Structure formats: C-alpha cells, structure tokens
Amino acid sequence: MKKYQPQDIRHKFLLLGLFLLFLVFFTISLSSILFLFGIPVNLISFFLAAVLATLLTCLAGVKYFKFRLFNMFFIIFIGIIIFSFSLFLNSITIETTWDGNWYHKNAVGLLKNGWNPTRESARDFYISNRNPIKISHEKSQKLIYENHYAKGAWIFASNIYKLTGNIETGHSINLIIMVATFCLLVFLLLCKISIIPSILISAITVFNPISAPQLFLFYNDGLLGLLVVDAIIALILIVSQRNKIYSTIGLTIFFITTTILANIKFTGLVFLFLFSLTFFVYMIITPKLRKTIAKKMLLVGFCSVLFSVAIVGFSPYISNINNGFHPLHPLAGKDKIDIMTGNSPKEFANYNKLLIPLPFVKSIFSKLDNFSYSSDKKTELKIPFTISESELINLKTVDARISGNGIFFSGLFLISIVVIFIWLIKGYKAKSIDFKISICIIVPLILIVFIFKEMWWARYFPFIYITVSLAMYILWQSKKEFSKMLFYGLFFVGFINSYLLFAPNFESGIKMARLSSCGDILNHKTVFYKTSHKIFYGTFFNVLDCRGNVSSEINFLPAKKEANIQNYQSTIVVPGYMEVFYEKK
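Note that the coordinates shown come from a computational prediction; the quantities given were computed from them, not determined experimentally. (Residues numbered from 1 in each chain as written. Predicted model: local features only at pLDDT ≥ 70, side-chain atom pairs only at ≥ 80, totals over all residues. Heavy atoms only, no water.)

1. Here's the deal with the state of the cysteines
Across all of its chains, the model carries one disulfide by this definition. With a sulfur-sulfur separation of 2.1 Å, Cys518 is cross-linked through a disulfide to Cys546. Where Cys518 bonds to Cys546 through sulfur, the torsion about that S-S bond is close to -75°, and the disulfide is left-handed. One end of the pair, Cys518, is in the loop between helix 22 (481-515) and strand 2 (526-531); the other, Cys546, is in the loop between helix 23 (539-545) and strand 3 (554-558), with 28 residues separating them in the sequence. Judged by relative accessible area, which is 33%, Cys518 ranks as partly exposed. (Disulfide = S-S within 2.5 Å. Helix = DSSP H or I, 4+ residues; strand = E, 2+ residues; numbered from the N terminus. Buried < 20%, exposed > 50% of the residue type's maximum accessible area, 1.4 Å probe, protein only.)

2. Here we look at helix 3 (residues 69-91)
Its 23 residues place the ends of helix 3 33 Å apart at the C-alpha level, agreeing with the 33 Å of an ideal helix rising 1.5 Å per residue. The complete set of buried residues in helix 3 reads Asn71, Met72, Ile75, Ile76, Gly79, Ile82, Phe83, Ser86, Leu87, Leu89 and Asn90. (Expected span 1.5 Å × (residues − 1).)

3. Topic: the packing of aromatic side chains
A full pass over the atoms with the stated rule returns 52 aromatic pairs. Measuring from centroid to centroid gives 5.8 Å for Phe275 and Phe463, while their planes differ by 70°, and the two rings are edge-to-face. In this pair, Phe275 is assigned in helix 12 (residues 266-285) and Phe463 in the loop between helix 20 (433-451) and helix 21 (466-477), connecting sequence segments 188 residues apart. On the accessibility criterion, Phe275 (2% relative accessible area) is buried. By relative accessible area, Phe463 is classed as buried at 2%. Taking NZ or CZ as reference, Arg459 lies 5.3 Å from the ring centre of Trp457, over its face. Of note, Lys484 hangs over the ring of Trp476, and the distance from its end group to the ring centre comes to 5.0 Å. (Phe/Tyr/Trp six-rings, centres within 6.5 Å; stacked < 30°, edge-to-face > 60°. Lys NZ or Arg CZ within 6 Å of the ring centre and 35° of its normal.)

4. Observations regarding helix 19 (residues 409-427)
With 19 residues, helix 19 extends 26 Å between its outermost C-alpha atoms, agreeing within 8% with the 27 Å of an ideal straight helix rising 1.5 Å per residue. Buried within helix 19 we find Phe409, Ser410, Gly411, Leu412, Phe413, Ser416, Val419, Ile420, Trp423, Leu424 and Gly427. Taken together, the buried residues of helix 19 touch helix 17 (358-364), helix 20, helix 21 and helix 22. (Contact = heavy atoms within 4.5 Å.)

5. Some thoughts on the sheet that holds strand 2
Strands sit in the order 1-3-2-5-4 across an open sheet of five strands; the sheet is mixed. Bordering the open sheet on either side are strand 1 (133-134) and strand 4 (568-574), each of which pairs with just one other strand. Of the pairings in the sheet, the one linking strand 1 to strand 3 comprises two bridges and is parallel in character. In the strand pairing of strand 3, Ile133 is matched with Ile554. (Pairing = 2+ DSSP bridges.)

6. So, the nonpolar core
Most often, soluble globular proteins have nonpolar side chains that are buried together. The biggest cluster of nonpolar side chains holds 140 residues, and the ones touching the most others in it are Ile260, Phe275, Met283, Ile441 and Phe461. Ranked by residues supplied to this core, first place goes to helix 8 (residues 173-190) with 16 residues. Ignoring any residue separated from it by four or fewer positions in sequence, one finds Ile441 in contact with Ile232, Ile236, Phe275, Phe279 and Ile466. Judged by nonpolar contacts, the second largest core, of 48 residues, contains Ala107, Phe536, Phe541 and Val574. (Core = buried A, V, L, I, M, F, W, Y, C linked by side-chain atoms within 4.5 Å.)

7. Topic: the environment of Tyr529
Relative to the helices and strands, Tyr529 is located in strand 2. In this structure Tyr529 comes out as buried when scored by relative accessible area, which is 12%. Sequence-wise, Tyr529 and Pro357 are 172 residues apart; in three dimensions their C-alpha atoms are separated by 46 Å. Not counting residues within four places of it along the chain, the set of residues in contact with Tyr529 comprises Ile135, Phe540, Phe556, Leu557, Pro558, Ala559, Met578, Glu579 and Val580.

8. Observations regarding the packing of helix 19 against helix 20
Interhelical geometry of helix 19 versus helix 20 gives an angle of 135° and a closest axis separation of 11 Å. By the criterion of interaxial angle, the relationship of helix 19 to helix 20 is oblique. Remark: the crossing between helix 19 and helix 20 carries left-handed chirality. Facing helix 19, whose interface residues are Ile420, Trp423, Leu424 and Gly427, helix 20 presents Asp434, Phe435, Ser438, Ile439 and Ile442. Residue composition of the contact of helix 19 with helix 20, by class: six nonpolar, two polar and one charged. (Axes fitted to C-alpha atoms, helices over the stretch in contact; angles between N-to-C directions. Parallel < 35°, antiparallel > 145°, perpendicular 65-115°, else oblique. Left-handed = near helix turned anticlockwise from the far one by under 90°. Nonpolar A, V, L, I, M, F, W, Y, C, P; charged D, E, K, R; others polar.)

9. What about the packing of helix 11 (residues 244-262) against helix 14 (residues 294-311)?
Running from N to C, helix 11 and helix 14 point in directions that differ by 30°, and their axes come no closer than 9 Å. Taken together, helix 11 and helix 14 sit at an angle that is classed as roughly parallel. Crossing hand, helix 11 versus helix 14: right-handed. Contacts from Leu251, Phe254, Phe255, Thr258, Thr259 and Ala262 of helix 11 reach helix 14 at Lys296, Met297, Val300, Gly301, Cys303, Ser304, Val305, Phe307 and Ser308. A breakdown of the residues in the contact of helix 11 with helix 14 according to their chemical character gives nine nonpolar, five polar and one charged.

10. Focus: the pattern of salt bridges
Tallied over the entire structure, the rule returns 12 salt bridges. Measuring nitrogen to oxygen at the nearest pair gives 2.7 Å for the salt bridge that ties Glu168 to Lys105. Here Glu168, found in the loop between helix 7 (152-164) and helix 8, pairs with Lys105, found in helix 4 (residues 98-112); they are 63 residues apart in sequence, far enough to count as distant. With a shortest N-O distance of 2.8 Å, Lys377 and Asp369 are connected by a salt bridge. Each member of the salt-bridge network shares a partner with another, and the members are Asp221, Lys265, Asp399 and Arg459. (Salt bridge = Lys/Arg side-chain N within 4 Å of Asp/Glu carboxyl O.)

If you want it as structure tokens, here you go:
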C-alpha cells in the first residue's frame, strides 16, 4: 500500500483545479472550432469536452504524481459534484441585472438555439425562421454587443443551457472557475506554507468583492479577475523552477487561461500581456531562466495568443476585421461606442490629467455609492473601516461605481500596502525568489492604475484584491505574534467585506426566482408580453424555457390594452423585467 505523502493533498488540489479548468477550456474551444465548420452549439461537443478533461486530468495524476486510478476517479467525482452543485445553485436563482437580462442572456439564448457567430450576425439569426422566438423587430435592434463582444463565457453558458434547458444555469461558469482558482492557489501556496493559511488566503482571494456578488449573474468582471489570478499562478509555477513537472503544468495553465481570458473580455489580453511582460523580463535577466524556460514561454505565449484570437476568438476579433471594424470594436476604432462618459460620475468623467490616478484613489477611500454623469452628486471621503447608513443601502448594487470593492476595502487596502511596502524595503538586499515574484505582480498593478483611467470603477479592476492576499502571505511568514493577529484580522474583515456584497445579491436572485412563474404558458403558442424596457431581449428565453420539451417555437406580441381585459391571464416570468399575458381557457 502506498504510504501517504504530504504532497499528495497538494497534488489533489492541483488536479481538481485542472479538471474544472480543462472542462471550461475544452467546452469553449471545441464549440468555437466547430463554428468554423458551420456546426452550432451541441451536446456532443460538450460531452467530448468532459471526456477530454477527464482523460487529461487522469493522465497528469497517474504519469506525474503516480496516483492510482481509484484516486483519480475520486478526484473526477468531486469535480462532477462541484459542477452539478453549481448548476443547482444557479437554477434556484435568476438574473437580476440590466446587462444580464439585456445582451448577455440574449447572446446565450441565440447561441444555444443555433446562432453561429462566425457565419452570420446576431440580427440576421434573430430575424430568421431558425430563431424560436417570433417577435416583431425594429431596425434599431442591431444587437451590437452580441455581435462584437468576446463570447467565451456565452459559449460555455449556451452549452450548459443546452444541457439543462434553463438559461439561468448558464452563469454556473463563475462558481466553477472560482473553485478551480481556489484549488490551484491552495496548491501553489502549499509549496511554501501550511494548509490552514493556504486555504484562508485562497478563500479570500477568490471570494472577493467583485466575484462574490457576481457569482450567480452573467456579469463577467469577477470571472475575468479569477482568470487573471490563474494566469499569475501559471507564471509563478513557470519561473519558480521547482521541477520540470510544475513548469510543464504552469505552461499548460498559461495556455488555457490565455485562451479563456482573451474570450471573456477585451481587456483580458491586455492585463495578461502586462503580467506576462514583467515575468518575461524577470526570465530574461535571470541567466538560469533565460537558458531553460524563456524560449518555451515565448513559444507557448505566441501559440496561445494565435489560438485564442484567430481560432477560438474568430468571432469577434477576425470577424470584426473582416467586416471593416477595429478588432476591439465597439470599444475601439473609428466607430467605437463611448460607454464610459455616461456611466462616470461627473468629477471622474471630466478628469483628464494624465498619469495621476486621482479618481482611482478617491473611489477607494470614499463612501460606497452608485451614481453616474446624470447626477450632480460627488464622492464623499470617509475614514477607513467606518460605516454609514447610505453605504448599507448600496450594498445590493452589484456594480457600484464608487468604492465598489466594499465598505471595508479602503482600510484593508491601506494596511496591505503598508505591509507590502515595509516587506519590500526589508527584503531589497536579500532579493529572495518571493521578493522577485512579488515585484512581477506589483509592477503590472501599478501600471494598470496609471495607464487605464477607468480603474476607479472596481468591476474593471477585479484583481486589485490580490494586494490583500499578498499582504496576508507576507504576514504569515513573519514569526511575530502581531503579524499572525493581523493576518487573521485581514481575513475576517475581508470575508465580511465580501459577504456584505454577496448576501443581498444572492438573496435578491433567490427571491426573484421564487416570484417567477410560468403560469399556463406551456399551453399557449402565442402570448402577449410587457417588458420594463424594450431592450430586455434575453428575458424572452425565460419565457421559452417555460415550455420545456414542448415545441419551443412561440409567437410574441406586444401587450396592449386588450391584454388587460378579463379574458386574459398574466404571469410574471422575470420579476421587474418580463410580464406575460395569455388567453384564459
């Protein structure tokens, strides 16, 4: 019988994280490749992705870590449980946001029902007979974001939607990637510290103020932040050179995260480039790394970008070019759409001084609030760790513009910066591997703050929380009792900070799901609808889901006065967004 080794638990975390990451990667990649051959989203490719994820995980466990097949089957079983649990939790909630019920959910629904973004525009499919939703169309419905935004998360969601028949299960990718990132980070930290601090640091990193409230939504900012953390983990594994196996795994994770990141949001590639650049410079100036890993890193980096942009990201990157747009349209180029000015507080929108990130600083150290250009309100600075009544009201705002990282983040950030700064000063002469890696993480964070003026909005800088994680790692390595107390203080306050943002949004999703009803839609092929705004196209797929396995085609007519007479029955399908009327029988 094989004797238990301390590294066994570390490798089990690694393999579980890899399995979940493989599942998402292959699902997105296979569907995207099939698009190029004219094949839309289908369950065969999803099950093939699951098989590939299982085989590669088992191969890694047996070949690299000498695990028995029984142990590997147990790890895969845990992964399936996590996947299933994610589907269940998302099935009992409902999308609560404007953007989610607008273009996110609409794109997922179109992809699930046969839209191939490499062959036709979203509008062309929307008005075709292949679209099961029969609705009158306005010329203004160009579906710009569905056409031109990165589609990775939508592709995964459409596969899940195809599997379950419930569009709300599509945002299960958030919890899956959160658990995967947690496992990979625990593995990495266990190489240096014990299991309890590894778990606590990993938990506070993934359950952060951006990913936590977005956990059961189609918003993808938290997802982007988690994948950036995965990329950093990969880069650390590559440069640490603990052994060839870890370097190979690091390169593999880097390829996977590059592919997914590039197809979650346009900024994914930019953030990845900055972190990769600093780590690559470190490789170049370190003779051992320059000889052993720099060329491999360049090759993997080139191949991953080519694969993620030209194949998996054919739509939108190549499609945009083919249609005469900038590759990052509609956010760049001559026909770009300004989505920031109207969404920015006036004092931030009118701030044009270069290289002085005052809006970023003011946003962090102000009261939690949410107002845009149309409001005359101004940010209110506050003392860190204090709470005001107005902040408690704004906790249920999933994308708060001011101090969106939570009511306690200003204090957490301030303490973390002080801890990191003191540690860097003390460790400058020794220049340990931890010191050098920390520099490779900190420099891109600083560059991002100075280069991108939108970083005041917390959702656009979803990985700033790794400053707290880094400070906790530094504190744990100190032998002083005060440092240990501060470590636990950062964890508990950080957890409360994220939970205060998570709880009201999760509760809101569950309440809306309980208030949602299909009524007697199943027995009607024609219904009248009333949406709170005409752009909430995604909610039509919720109505479609009410018909289950029955012929999915349904005719929608806008509700008029006649829909309110006694012969009509109404039901609220998506509370606050979609109400449906149908004839009584």
